Every structure is written in structure tokens, then in C-alpha cells.
Amino acid sequence: MSKQDADRLLNAFAQPRSVQLWRALLPLKSCVSFMNTGAHPDDEISTMLAALIYREGINLSHACSTRGEGGQNAIGTETGVDLGVVRTREMERAADILDMTQYWLCQYPGDPLADFGFSKTGEETLKYWGEERTLERFVWILRTERPDIATVTFLDVPGQHGHHRAMTQSAYKAVKLAADPKAFPEQNLPVWQVKKLYLPAWSGAGDAYDDDLPPPPQTVEIEGSGQDLIIGMDYAQLGQVSRAFHQTQGMGTWVAPGKQKKWPLHLAWVAEGEPANEESIFDGLPRTLNDLAEYAGAMVLGSPLFTAQSAIDAAIKAWPNTKTMNTSLLAALESVRDAMRICPDSAKAEVIHRLRAKELQLQRALYWASPIRASLLPEKISARPGETVRFNLELDSDFAVGAHLEVPQGWKVEEVGPKQFDVTVPDDAAPSDPLPDIWSPLRGNENVFLRLMWTLEGVNMQMDIDPLQRLNVLPANEVALEPKALLINKRSLAEKQVELYGRVDGALTLETSQQFNATRNDDGFLLSAQADVDAGLYELPVQLDGKPASFVRRMQYPHTGPLVRAEDAQISLRVLDAELPKGRIGYVGGGSDRVQYWLSQFGVDVVTIDDDTLAAGRFGDFDSIIIGVFAFRTRPALLDNVEALHDWVRQGGNLITLYHRPWDNWDKDRVPLAPLEIGKPSLRWRVTDQDAEVRYLQPDHALFAGPNKIGDEDWAGWHKERGLYFASSWDDAYTPLLSMNDAGENPLDGSLLVGAFGKGRHIHTSLILHHQLDKLVPGAYRLMANMLDWQSSQTD
């Protein structure tokens, strides 16, 4: 049995057809639509949304500004855009659990509407994103989805993340602009009036944020307690099932059954004519199809809509009797279509989009209630322009079902055998979009998907089904070179080998300036620098047959499947001037940084410390040990043997701990050699301005003196921010070396602490040095060399 077969069996068992049918019935209950808005994947209020769909049947959507590419990665080493690609897929999987349509404001790699790092004000964020573009995208999403209700996740108050504040500020403007025909007419979309805008009536304060102002008063609440009796899980648990797909963020928390929960909301804005005083979020809205005719002022629709809703109610009551359900669902579908045909023009703006949604939902429910069983699977998961991929269809039914493959314009589909299709990717096909704009639970989302068509009792219907594996289109001119980023130290001018993986058809060249030589060899390229090479960052384009080549980033996790992102092929080369640290150096990785890799590139001989060495407390082979990001959480053997590590320090060892959060098993009295507390919420203990002034509290300290003299130029060119989760308090055994702050805030002195213990020392830093190493920032390498230098540790 293949792993793919095993995974399919386990997934099928975990999602019984009867439960899929039940879930397809839920959104038929209501024709109210509810949009939650946020700034990052995982900002959605999952457990509240679960109650709205699983109990009320509200049609859900989520508008997210960024792809979360500026966040941390709890399960891998992807950062930046690559992390955004993974988080996009995680968000799609999370949305599926909530039957929720997902929209993104950020559309492509390099879009200014990105997660550029932590921000403390909405104004700063919108300056980076561009307020006009933010509003244009927001309005497009509102006009496309047409929600009745919009609810932001966070408040626009000091102490809250600037990205969150920007989305809340923009929501107030966007709901008004979406109804204004003069706003963004180039969208060619009908205007839409959101009826209500809600704010959370709870504080967003916690481990990360610290709302300065109290939340607004509650005007209404959503009951979050209770359970879905068919699935057998509480609504809060179902919400956490959705959150569990945000694995890069470590989300998903078990909730004990029976826990009571209410969600207080504040009605912040209401459209003209809508009730300002309410007892329920449904007040003034057409909760079911029964209410829609009167709401839209189109009583001619009363009879078909009443018939449709009555049939829907009967179908839900009949579950799991599929024969009875089919009869009722067919009657509902015919009535909905009748209502669309006779809908007067004056009512179409409020009616047609709701009925189109019901038409799709009813066809989906009829599919799950029918004996049709269908799936589509490609024989391979990637293809290049001009290549053909075989898709195998599994289709079983008691009656005739038409099936064809939907493909992009210009692609070719040929049925080559029973339930077999050959799909040819055109020669000019672009690589797969790594950041799709929309994900829908009701429509095909992949570049190739299955469309089924069948007729029951004279009623025609269709259903879109995505393949079990997506087909990723790769660029025709892909080359695989590693590493894609290099360091050359002027102190040694060591040659660097760029390895070529796989076969390349054509002439491969690496474009360099006169300061470098790139010699083609059997393994790739041997890159060297002239003796007088200038320090700096160089981008060296890669060409294939004289044309720009492409790199492909590949990512895969069990919960995401294979993901790819193509980019222009170029080698980033940093030339710097730095002395290397002396001594034997060990590294304890936490799985969330590439510090060992970059130190090795720098020329430092670093040895990985495995769990056996940790468990035995064998640290005597090392002069310096660096503890990677989050390692006290992810490496239990490290925490279990921290006392042995302390003994090693007192005997002369040089220990460096990189940034940790309070919940990364950082016990302030046990993990450091003397009490050292990490501050929270993080917003109060971080410096987000990467160019913030750095002041020396101990300018003559040995750490700044050698082997590299640290000066102002070492703080230039930093990326994203200076650091986060600074120490908030520490024992007198530690000495703070630096002070810094964001504009208008008090100085923070806990970014770099040094303490002497016995014959050794402990350095704890909250500077994001691991990120600066990734970005080839020279000062980060020079400072890291000083921290790791064993000789300087003996002179503190």
C-alpha cells in the first residue's frame, strides 16, 4: 500500500459521507452573510464563526489583508514570501472547516499589502500598504461577496498591532465606499451596502498585545456555547479544529466539552434605515428565505421562497434519510430557480446573490445526498509548459452523470479512455500562482478541477470538485542551484561552490561583475572574488541559453500538500569584512532558525549538539554553545539538562541564548543562570523600527571591542525590526549593554544582557539576529562573531 492510498483511506474514514451531507445542509438554514476581517491568517474569530455556521447556518466569509509572511514559523524554516505561501494554504484548509469563503487583499509576492513586520500604529501600516490600494481591495471584496454584516477582529486602540488597527480603520471607510458609485468605478462591480459593522466588545490584550483603552460597551452578543449533535463536538471545539490548520503558528487548543462562551459585540456603524437598537445580529435582516421577499419589497417572491424554505427545513429534519432528503432538496432548488426567474429588477440587488448562493449550496447538498461518488487525481503533482498530465477519474453512480475537466483558457483536455483525461499545459503557461486571491467552498479552486452534471426528476444540476492533489505548474526554465545566497569574507576570500542539482538542457551562465569570477565546473559554479573586492551586497542573475532562468521554492507539509513558488533566478552574494570567533562552537537548534547554516557560510566551524549529547550533559567539547530560537520549547532534552549546562558555564563555558518567548518553557528562575524575565505582552517589549537608534550602555565592554569593533555601521541595513520579547527584569548578575526604543516610547534596555558566572558567561539577546543573518546583514555577523568568541568571554 502506498502512503497516498493510506492517507486517502484515513481521510475518508475521518470524513464520513453522512457528516459531509450534514455539513452541506447547514448553510441552507439562513440567507444572512457575515464577513470577519483581519490582518493575518489566524486573526479570524474561529470559535465564534463555528457557532454561526454550525448552529445558525450563516454564510461566512473572511477578508485578510496579508499572507502572514512576516510572522514566525513554528514547524519549519520557511520565512518571508515562502511562509506566506504555506500560511495561505493553511488558511484555506481552516476556512474549509467553517464552510467559509476566503479573500485576500494582498495579491502577489512583492505586493505592498504584505506583512512587513510588527507595527504599532494603523497610520504607519497604511503608509506602508498604501491606503488607497488597501481601500480599493477592501471595497472590491465587499462588492464581490456582498455581506450583510462585517465584524473586525481587533480594536483600533494603542497597544494593539498596527496591522490590526489599520484593518479596523479601513473597515469603517470601506463599508461606506462600497456603497458609493463614485468610489472605484473601474471595478465594474455593482455597489453594495453592508448593513452593520461590529467591533469586538472584549479586550485584545494578552501575551502579544496590551490594549490601552477598555473595549466599547456590548450592544449584542453571540452565543458560542453548545454542540453540533450530529458531529458530536462543541462549537468551540469545531472552531479549534479550524485553528489547528494554522500549524506554522502553533494553533489549535483542546477545549473541554460543555464550556460556556458568549461573544459580546458592539454595533459600531449601521446603514441608514437599519435598526440601531437590537436584540440579535439578525434584527433587520432576512434570516431565512421566508423573510427575504418582504425584506426586499418583492412579495411576488413570497410563494416560491416559502416553498423553498419549507423544503429545506424538511430536508434537514429528514437527515440521514437520503431518499426523503432528495425529494425536498429538489423541490427547494426548483423553487429557488423560480424565484430568480421572476425576481423584479427593483429587488435583484438584495435577492439574486443570496439565491445564487442557495442554488450552489442546494446542488452541493444534492450531490452528497445522491449515490454519486467522484474523485479526481493527477498521476503527478507538477508539470512544465508543453507537458501532458494524466488525470484519473473515479466515478460511481446509479444513474448517468456527465463529467468533464475545467481548465484555464488555452489548456487542452483529451479523454483518452474510460475515466481518463490527458491535460496538456500550453507552451506559454505561467507558473502556478502561489498566492491565489480567493478560495471558495462552493466552486472549483484549482487550475484543473472536475465538474459533474446530472439530472434528477427533470432537474439539472452540477457540482465542482477539486482534485485530491493540486497540479503545480513549474517554469520551463527552472534551474536548481544551492546555495542561493552566499557570504564571502574579505579576511579569507574563500572560494564558494554553487552546486547544480539535476540536469540542465542548455547553456547555464552566472552573470558577474569584474570583481568576481564564476567558473563553470561539473558541479555547478566555482565563485571567487578579486583581492580588492568591495564590501557590499551583489545580485548575480542566472541565465539559461542567454535568457533569465527561474528558481522554484518547494514546500510540503502533511496538512498543506505540495506547494511551489517560482522566482527569478539570482544568487545573492554578501561581501563583508569580519574576524571569525575563536574556540569550539556547538549549536542547539530549535527548528525555527538557520543560524548554524549561516555561521557555516560565514566560515565558522559549528557542531550540531544532538539529543544524546544533551541528555548526557556532554558539553565539555565546546568553548561556546548557542541555543537557537525556541529551543527550550522544542528540545525537551535541553530543558531537562539545563543544570548541567549551567555547570559547564561556571567551568568556563560561553553560553548564548537567542530570543525566546515566555511560553517557550522559559522559566525565569531555572533556564537562565540567574533570574531573567522575558517581557510580555510583546508589543511593550520590542522595537519594531529596524532603523531605531542603538545606544551603548557599556561602550567599552569587551563584547563590542573584539574580535570585531562594533560601531554605528553595524546597526545599518537591518530588516523588519530590531528585536522582540526583550527582557523586562533581570538579576544584578546580568549587565544590559544596549538601549533602544521606537519613536515616542520609553527606552528598553533588555535586548542584550551579559552575565559572568564562575569562569564563564551567559549572553541572552532578544535581537532578531537569526533573521538578520538570513538577510545577510553584515553587522549581525560581526556581532554574532563577538558573542561566540571564547577568548573575549575570558576577558569580560
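Everything that follows concerns the structure shown earlier in this document.
Keep in mind the model is a prediction, meaning the values are calculated, not measured.

**Q** Would you mind showing me how to read the overall build of the chain here?
**A** Looking only at helices and strands, the chain features 21 helices and 41 strands. Relative to the compact-globule value of 28 Å for 796 residues, the chain shows a C-alpha radius of gyration of 29 Å, a close match. Expressed as lengths along the three principal axes of its C-alpha atoms, the size of the chain is roughly 90 × 65 × 55 Å. Taking all contacts inside the chain whose residues are at least 6 apart in sequence as the whole, residues at least 24 apart take part in 74%. Total accessible area on the chain is roughly 32,200 Å²; 49% of this is exposed by carbon and sulfur atoms. One way to put it: in the chain the 77 positive side-chain charges average out to a point 3 Å from where the 109 negative ones average out.

**Q** Sorry if this is basic, but what is going on with the pairing of strand β4 (residues 149-152) here?
**A** Walk down a regular strand and you will see the side chains alternate between the two sheet faces. Here β4 shows two buried faces, one formed by Ile149 and Thr151 and the other by Ala150 and Val152. Pairing of strand β1 (residues 33-38) with β4 involves four bridges; the strand directions are parallel. The residue bridging Phe34 from the neighbouring strand is Ile149, located in β4. In the sheet, β4 pairs with strand β5 (residues 196-200) via three bridges, with the strands oriented parallel. Bridge pairing in β5 places Ile149 opposite Lys196. Between β4 and its parallel partner β5, the chain crosses via helix α7 (residues 162-177), and the hand of that crossover is right-handed.

**Q** Looking at this model, I keep getting lost on the sheet that holds β4. Mind explaining?
**A** Backbone-to-backbone hydrogen bonds pair the strands of a sheet. The strands run either parallel or antiparallel. One open sheet accounts for eight strands, arranged β6-β9-β5-β4-β1-β2-β3-β16; its pairing is mixed. Looking at the sheet topology across the chains shown, the edges are occupied by β6 (220-223) and β16 (438-439). Looking at chain direction, strand β2 (residues 59-64) and strand β3 (residues 100-104) are connected through five bridges and run parallel. By the bridge assignment for β3, Leu60 is matched with Met100. The strands that helix α6 (residues 131-145) touches are β1, β2, β3 and β16; relative to β3, the one it contacts most, it runs at about 155 degrees. Packed on one face of the sheet, α7 meets β1, β2, β4, β5 and β9 (262-270) and runs near 170 degrees to β5.

**Q** Would you take a moment to explain the environment of Tyr295 for this structure?
**A** For Tyr295, the location among the structural elements is in helix α9 (residues 289-296). Sequence separation between Tyr295 and Glu350 is 55 residues; the distance between their C-alpha atoms is 8.5 Å. Non-local contacts of Tyr295, meaning those with residues more than four positions away in its chain, are made with Lys195, Glu274, Gly284, Leu285, Pro286, Glu350 and Arg354.

**Q** What's the story with the side chain of Ser242 in this structure? I'm lost.
**A** Within the secondary structure layout, Ser242 lies in helix α8 (residues 235-243). Here Ser242 falls in the buried class, since its relative accessible area comes to 1%. At 2.8 Å, the side chain of Ser242 and the backbone oxygen of Ala94 are in polar contact. Apart from the residues lying within four places of it in its own chain, the contact partners of Ser242 are Ser46, Ala94, Ile97 and Leu98.

**Q** Is there a simple way to explain the side chain of Lys358 in this structure?
**A** Residue position: Lys358 is located in helix α12 (residues 348-369). One buried charge, Lys358, has no salt-bridge partner; the nearest side chain with opposite charge is Asp99, at 8.6 Å. Here Lys358 is in contact with Pro27, Leu28, Ser30, Cys31, Asn59, Leu289 and Val336, once residues within four sequence places are set aside.

**Q** Even after reading the chapter, I still don't get unusual backbone geometry, so can you show me in this structure?
**A** Between Glu482 and Pro483 the backbone carries a cis peptide bond, its omega angle lying at 0 degrees. Note that Pro483 resides in the loop between β20 (480-482) and β21 (485-489). Positive phi, close to 50 degrees, is recorded for Leu493, a residue that is not glycine. By the secondary structure assignment, Leu493 is in the loop between β21 and β22 (496-501). Even without glycine at this site, Phe630 takes up a positive phi of about 65 degrees. Inspection of the secondary structure assignment puts Phe630 in the loop between β33 (624-627) and α15 (631-634). Residue class for Phe630 comes out buried when judged on its relative accessible area of 1%.

**Q** Would you mind going over the environment of Ser513 with me for this structure?
**A** Here Ser513 shows up in the loop between β23 (508-510) and β24 (516-521). Separated by 388 residues in sequence, Ser513 and Thr125 have C-alpha atoms that sit 38 Å apart.

**Q** Before we go on, may I ask you to explain helix α11 (residues 322-342) in this structure?
**A** A turn of α-helix holds 3.6 residues, and therefore any two residues three or four places apart point the same way. End to end, α11 covers 30 Å across 21 residues, agreeing with the expected 30 Å (1.5 Å per residue, within 8%). Restricting attention to buried positions, one finds in α11 the residues Met325, Asn326, Ser328, Leu329, Leu330, Ala332, Leu333, Ser335, Val336, Arg337, Ala339 and Met340. Against the buried residues of α11 lie α2 (17-25), α9, α10 (302-318), α12, β17 (449-456) and β18 (459-465).

**Q** How should the pattern of salt bridges be read in this particular structure?
**A** Pairing of side chains with opposite charge becomes possible as their charged atoms draw close. Following the criterion strictly, the structure yields 48 salt bridges and no others. Of the charged contacts, one joins Glu92 and Arg470 as a salt bridge, the two residues approaching to 3.5 Å between their closest N and O atoms. Taken together, the residues Glu92 in helix α4 (residues 80-97) and Arg470 in the loop between β18 and β19 (472-473) connect sequence positions 378 residues apart. Like Glu92, the residue Arg470 is buried in the burial classification. The partner of Lys668 in a salt bridge is Asp669, and the shortest N-O contact between them spans 3.3 Å.

**Q** Before we go on, may I ask you to explain the sheet that holds strand β25 (residues 524-529) in this structure?
**A** On the basis of which strands lie adjacent, the open sheet formed by four strands has the order β20-β22-β25-β24 and antiparallel pairing. The open sheet terminates on both sides in strands that have one partner only, identified here as β20 and β24. When the angles between neighbouring strand axes are averaged without regard to direction, this sheet yields 20 degrees. Two elements, β20 and β22, share three bridges in a ladder whose sense is antiparallel. Each residue of the ladder has a partner; that of Glu482, found in β22, is Glu499.

**Q** Quick question: what am I supposed to make of the packing of helix α5 (residues 122-129) against α7 here?
**A** Packed helices, taken two at a time, are described by the angle between their axes plus the distance between the axes. The geometry of α5 relative to α7 is characterised by a closest axis approach of 7 Å and an angle of 80 degrees between their N-to-C directions. In terms of their interaxial angle, α5 and α7 are classed as roughly perpendicular. Two secondary-structure elements touch here, α5 through Gly122, Glu123, Thr125, Leu126 and Trp129 and α7 through Gly162, His163, Arg165, Ala166, Met167, Gln169 and Ser170. Here the residues of the contact of α5 with α7 sort into four nonpolar, six polar and two charged.

**Q** How should I be thinking about empty space enclosed by the protein in this particular structure?
**A** Over the atoms rolls a probe the size of a water molecule, and its path tells where empty space is left. Throughout the structure, instances matching the rule amount to one cavity of 30 Å³ or more. Size it by volume and the largest cavity reaches roughly 40 Å³. In terms of lining residues, the largest cavity is bounded by Thr37, Gly38, Ala39, Asp43, Val152, Thr153, Phe154, His164, Met167 and Thr168. For the lining of the largest cavity, the secondary structure elements donating two or more residues are β1 and α7. A class-by-class count of the residues in the lining of the largest cavity yields four nonpolar, five polar and one charged.

**Q** Looking at this model, I keep getting lost on the pairing of β1. Mind explaining?
**A** A large share of β1 lies buried, amounting to six of its six residues. Where burial is concerned, the two faces of β1 agree: the one with Ser33, Met35 and Thr37 and the one with Phe34, Asn36 and Gly38 are both buried. Strand direction decides the pairing type here: β1 and β2, joined by six bridges, are parallel. The residue of β2 that forms the bridge with Ser33 is Asn59. For the handedness criterion, the β-α-β arrangement of β1, helix α3 (residues 46-56) and β2 is classed as right-handed.

How each quantity is defined
- Residues numbered from 1 in each chain as written.
- Predicted model: local features only at pLDDT ≥ 70, side-chain atom pairs only at ≥ 80, totals over all residues.
- Heavy atoms only, no water.
- Helix = DSSP H or I, 4+ residues; strand = E, 2+ residues; numbered from the N terminus.
- Rg over C-alpha atoms; globule rule 2.2 N^0.38 Å.
- Contact = heavy atoms within 4.5 Å.
- Areas by Shrake-Rupley, 256 points an atom, 1.4 Å probe, with all protein chains shown as cover.
- Lys, Arg positive; Asp, Glu negative; His and termini not counted.
- Charge placed at Lys NZ, Arg CZ, Asp CG, Glu CD.
- Buried < 20%, exposed > 50% of the residue type's maximum accessible area, 1.4 Å probe, protein only.
- Pairing = 2+ DSSP bridges.
- Right-handed = clockwise from strand over helix to strand, strands pointing away.
- Axes fitted to C-alpha atoms, helices over the stretch in contact; angles between N-to-C directions.
- Polar contact = N/O pair within 3.5 Å; in protein donor to acceptor, adjacent residues only side chain to side chain.
- Salt bridge = Lys/Arg side-chain N within 4 Å of Asp/Glu carboxyl O.
- Expected span 1.5 Å × (residues − 1).
- Parallel < 35°, antiparallel > 145°, perpendicular 65-115°, else oblique.
- Nonpolar A, V, L, I, M, F, W, Y, C, P; charged D, E, K, R; others polar.
- 1 Å grid on protein atoms, 1.4 Å probe; cavity = no way out; pocket = protein on both sides within 12 Å on 5 of 7 lines; lining within 4 Å.
- Points joined across faces, edges and corners; volume = space filled by probe spheres on them.

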